[in-house]
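Spelled out from the first residue to the last, the chains are:
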Amino acid sequence: MTDVPTGLLFDDAMTLLQGIAAQHRLEAETLALGRCHGRVLAQDIDASLALPPFDNSAMDGFAFRHADLAGTETQLRLAGEQFAGPANDVAPGPGECMRITTGAPMPPGTDTVAIKENCRVENGVVVVPDTRAAANVRHAGEDVRVGDRVLQAGTVLTATRVSLAASLGLASLRVARKPTVAVFTTGDELVEPGMALAPGQIYDSNRELLMGLLRADGLEPTAWPRLPDDPKQVEIALRDAGCAFDLIVTAGGVSAGEKDHLPGVLAQFGSTHFWKVKMKPGMPLLFGTLDQARVLALPGNPVSVLATYLTFGRALIDGLQGRSEPRPTWRAQLAAPLEKAHPRREFLRGRLFGGSNGVLHVEADAATGSHRLRAAAEANALVVVPEGPQRYAAGEVVEVIPL
Ligand SMILES: Nc1nc2c(c(=O)[nH]1)N[C@H]1C(S)=C(S)[C@@H](COP(=O)(O)OP(=O)(O)OC[C@H]3O[C@@H](n4cnc5c(N)ncnc54)[C@H](O)[C@@H]3O)O[C@H]1N2
Ligand code: MOO
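Every chain's residues receive numbers from 1 upward, in the order its sequence appears when written. All chains are assigned letters beginning at A, and all ligands numbers beginning at 1, according to the order in which they are written. In keeping with the predicted nature of the model, local features appear solely for residues at pLDDT of at least 70, side-chain atom pairs appear and are counted solely at 80 or more, and the whole-chain, interface and lining totals rest on all residues.

Per an unreviewed UniProt entry, the protein goes by the name Molybdopterin molybdenumtransferase and belongs to Agrilutibacter terrestris. UniProt positions are given in the numbering used here, feature names are shortened, and annotations may be inferred rather than shown by experiment. The UniProt entry for the protein carries the following text under Sequence similarities (unreviewed entry): "Belongs to the MoeA family." Quoted verbatim from the Pathway (unreviewed entry) field of the UniProt record, the comment on the protein reads "Cofactor biosynthesis; molybdopterin biosynthesis."

### Brief notes about the overall build of the protein
Along its length, the protein carries seven helices and 29 strands. We take the radius of gyration over the C-alpha atoms and set the globule estimate at 2.2 Å times the residue count to the 0.38 power. A globule of 403 residues ought to have a C-alpha radius of gyration of about 22 Å, yet the protein, at 30 Å, is considerably larger. With the C-alpha coordinates aligned to their principal axes, the bounding extent of the protein is approximately 95 × 50 × 45 Å. For the protein, with 403 residues in total, the buried portion stands at 38%. Contact between two residues is assigned whenever their backbone-derived C-beta positions fall within 7 Å. Taking as baseline every contact in the protein between residues at least 6 positions apart, the subset at least 24 positions apart corresponds to 71%. Segments assigned H or I by DSSP are reported as helices when at least four residues long, segments assigned E as strands when at least two residues long, and all are numbered from the N terminus. Our exposure labels follow a C-beta count within 10 Å of each residue's own C-beta, placed from the backbone: buried means 20 or more other C-beta atoms, exposed means 12 or fewer, and partly exposed covers the counts in between.

### Quick word on the site of ligand 2
To decide nearness, the C-beta atom of each residue is placed from the backbone, and the residue is near a molecule or strand if that atom lies within 6 Å of it. In the neighbourhood of ligand 2, the contacting residues comprise Lys 280, Pro 281, Gly 282, Met 283, Pro 299, Asn 301, Ser 304 and Ser 370. A breakdown of the residues in the shell around ligand 2 according to their chemical character gives three nonpolar, four polar and one charged. Nonpolar residues are Ala, Val, Leu, Ile, Met, Phe, Trp, Tyr, Cys and Pro. Charged residues are Asp, Glu, Lys and Arg, and all others, Gly as well, are polar.

### Quick notes on the nonpolar core
Across soluble globular proteins, nonpolar side chains have a tendency to be buried as a group. By definition, a nonpolar core groups buried Ala, Val, Leu, Ile, Met, Phe, Trp, Tyr and Cys residues that are joined through C-beta atoms within 7 Å. Counting residues in each nonpolar core, the largest one holds 66 residues, and the members touching the most others are Leu 210, Ile 248 and Val 383. For this core, the element with the most residues is helix α6 (residues 302-320), which contributes nine residues. Counting the residues that make up this core, at least three belong to each of domain 1 (6-26 + 178-320) and domain 4 (330-402). Discounting residues that sit within four places of it in the chain, Val 383 has contacts with Leu 348, Gly 350, Val 362, Ala 364, Val 398 and Val 400. Membership of the second largest hydrophobic core comes to 16 residues, among which are Met 59, Ala 79, Ala 104 and Val 126. An automatic or database domain assignment supplies the residue ranges for each domain.

### As for the pairing of strand β19 (residues 271-277)
When you tally the buried positions in β19, you get six out of seven residues, the bulk of the element. By the bridge criterion, four bridges tie β19 to strand β21 (residues 286-290) in an arrangement that is antiparallel. Its bridge partner lying in β21, Thr 272 is registered against Gly 288. At least two DSSP bridges between two strands are required for those strands to pair.

### So, α6
Think of an α-helix as turning once every 3.6 residues; residues three or four places apart then point the same way. Along its length, α6 shows its largest kink, about 45°, at Tyr 309. For α6, the tally of buried residues reaches 16 of 19 residues, placing the bulk of the element in the interior. Two axes enter the bend calculation: one fitted to the seven residues ending at the residue in question, the other to the seven starting there, and the bend is the angle between them.

### Some points on the site of ligand 1
Taken together, 26 residues surround ligand 1, and among them Asn 206, Gly 252, Ser 255, Pro 299 and Gly 300 come closest. Those elements that provide at least two residues to the shell around ligand 1 are α3 (206-216) and α6. Considered class by class, the residues forming the shell around ligand 1 number ten nonpolar, twelve polar and four charged.

### Describing the sheet that holds strand β17 (residues 222-223)
Across the sheet, seven strands lie side by side as β1-β19-β21-β22-β18-β14-β17; this open sheet has mixed pairing. Each edge of the sheet is formed by a strand with only one pairing partner; in this case those strands are β1 (6-8) and β17. Each of β1, β19, β21 and β22 (293-298) touches helix α1 (residues 10-23); the most contacted strand, β19, lies at about 155° to it. In this fold helix α5 (residues 262-269) packs onto β18 (247-251), β19, β21 and β22, with an angle of close to 35° to the strand it touches most, β21. To get an axis, fit a line to the C-alpha atoms, keeping to the stretch in contact for a helix; angles then go from 0 to 180 degrees between the N-to-C directions.

### Re the sheet that holds strand β9 (residues 120-122)
Taken in spatial order, the six strands line up as β8-β5-β7-β6-β10-β9 in an open sheet, and their pairing is mixed. In the strand order of this sheet, the two ends are held by β8 (112-115) and β9, each with one partner. When strand polarity is set aside, the average angle formed by the axes of neighbouring strands in this sheet is 40°. Strand direction decides the pairing type here: strand β6 (residues 73-82) and strand β10 (residues 125-129), joined by five bridges, are antiparallel. When the sheet's bridge partners are listed, Leu 76 is paired in β10 with Val 126.

### Brief notes about the packing of α1 against α6
Following both chains from N to C, one finds α1 and α6 inclined at 30°, their axes separated by 8 Å at the closest point. When the axes of α1 and α6 are compared, the pair comes out roughly parallel. The chirality of how α1 crosses α6 is right-handed. For the pair α1 and α6, contact is made by Met 14, Leu 17, Gln 18, Ala 21 and Ala 22 and by Phe 312, Ala 315, Leu 316, Gly 319 and Leu 320, respectively. Split by residue class, the contact of α1 with α6 holds eight nonpolar, two polar and no charged. Here the word oblique covers every angle except those under 35 degrees (roughly parallel), over 145 (roughly antiparallel) and from 65 to 115 (roughly perpendicular). Should the near helix be turned anticlockwise from the far one by less than a right angle, the crossing is left-handed, and should it be turned clockwise, the crossing is right-handed.

### Quick notes on the environment of Ser 167
Mapped onto the elements, Ser 167 comes out in helix α2 (residues 159-167). In this structure Ser 167 comes out as partly exposed when scored by C-beta crowding, with 16 C-beta atoms within 10 Å. A C-alpha to C-alpha distance of 19 Å links Ser 167 and Ala 87, two positions 80 residues apart in sequence.

### Looking at the packing of α3 against α6
At their nearest, the axes of α3 and α6 sit 10 Å apart, and the two run at 15° to each other. The pairing of α3 with α6 is recorded here as roughly parallel in orientation. Pair α3 / α6 crosses with right-handed handedness. Taking contact as the criterion, the partners of Asn 206, Leu 209, Leu 210 and Leu 213 in α3 are, on α6, Pro 302, Val 305, Leu 306 and Tyr 309. Of the residues belonging to the contact of α3 with α6, the class tally is seven nonpolar, one polar and no charged.

### Re unusual backbone geometry
Residue Leu 51 is joined to Pro 52 through a cis peptide bond whose omega torsion reads -10°. Counting through the fold element by element, Pro 52 comes out in the loop between β3 (45-46) and β4 (56-57). Of note in this structure, Asn 136 is not a glycine but carries a positive phi near 60°. If you trace the backbone, Asn 136 turns up in the loop between β10 and β11 (137-138).

Shown next, in the form of structure tokens:
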């Protein structure tokens with residue numbers, strides 16, 4: 001592995017990973033609208049319908065010609081009713097009005113609506129107050145005009161975007177296929193929760209952590225049986241997964257120990273894109289390819305799993321799906337001073353809270369060890385501290401990654 005990029009700066013590793021992801025962009029598939037939520041759109045959508053499609057009333061009331069109004073009150077003859085639904089053929093004449101409900105098409109010739117509560121109906125005559133011209137009317141195309149590009153490939157289909165597609169009458173959309181993901185935890189010390197612990201053993205917590213993080217990002221990961229620290233078994237299981245999944249995520253066995261077999265297996269049977277990133281926690285992170293799968297081998301300490309998944313894991317999943325819409329960047333004011341001496345980019349655990357002045361604050365946790373899962377569980381954000389020695393005063397602004 002002499003020519004493997006190693007000890008990369010965070011941004012350089014990210015660029016490399018994003019480049020590899022772009023080369024292995026997953027194909028698009030057509031899905032019924034109801035299955036598109038959360039997916040990355042793989043087509044541009046241009047409106048073939050105006051929204052609203054026709055002039056309609058914004059309120060329940062009476063529709064009339066504004067030109068018919070005379071003074072503070074005007075009497076108009078009630079010519080009929082137009083409810084939301086099929087347009088009837090009634091066209092009120094001059095001096096007439098129509099009862100109308102919200103969303104109903106404006107009857108021919110009418111241009112203004114007075115709301116019901118401000119009108120009186122007396123013997124087939126409606127007394128309407130003075131009303132601004134075009135009041136309470138929603139005009140055709142005021143939201144979307146025919147031909148407008150309303151959604152772009154690479155954006156994520158939130159509920160509002162799927163709903164917008166529905167309002168244009170689209171029954172299905174082209175979306176990126178979701179990556180299939182195999183999750184492995186490794187280590188002879190690991191025991192399934194529910195089993196008894198022998199001395200030296202610990203419960204496997206990374207499996208739930210990874211499965212939960214991946215599911216929260218909309219994927220349906222498959223957890224494989226835990227791997228022992230045996231190179232042959234690691235090789236067999238990973239090669240098996242490598243020919244069946246788009247992505248393999250492992251935890252543990254990637255640093256310098258005698259039992260850390262991931263780097264060797266990947267070097268021998270696949271390829272390594274980079275190994276070791278100047279970040280804390282998560283330094284031994286390994287990224288490679290095995291058969292048809294991209295392999296992201298995360299360091300075993302639980303907080304390293306969290307930090308590397310939220311940064312590189314997410315970027316890889318986004319890249320494979322061709323997501324071009326960036327995830328939002330959040331910033332908050334430090335609640336207390338913060339100092340860092342080492343050169344790596346650090347991801348501290350922290351608690352975000354909104355101040356009474358409307359400003360987001362974050363309190364960084366003093367428990368920095370990457371084994372401190374409890375501190376991570378009590379946190380609701382990671383605090384990003386850039387490379388190099390840093391000294392922040394309380395109130396200075398830092399980037400945060402909400403959990
Ligand atoms: N000589 C060196 N030692 C270490 C280095 C190094 O560069 N040189 N890196 C350290 C850093 S940083 C980290 S992070 C860890 C990463 O090591 P591995 O990825 O090889 O992970 P393991 O050694 O297998 O495990 C590390 C730690 O995490 C616990 N663990 C592992 N899997 C799980 C799991 N599924 N659930 C709960 N806990 C897990 C494991 O028991 C270890 O305590 O290496 C440092 N050492
Ligand atoms: O940098 Mo390792 O990922 O702390 O524990």
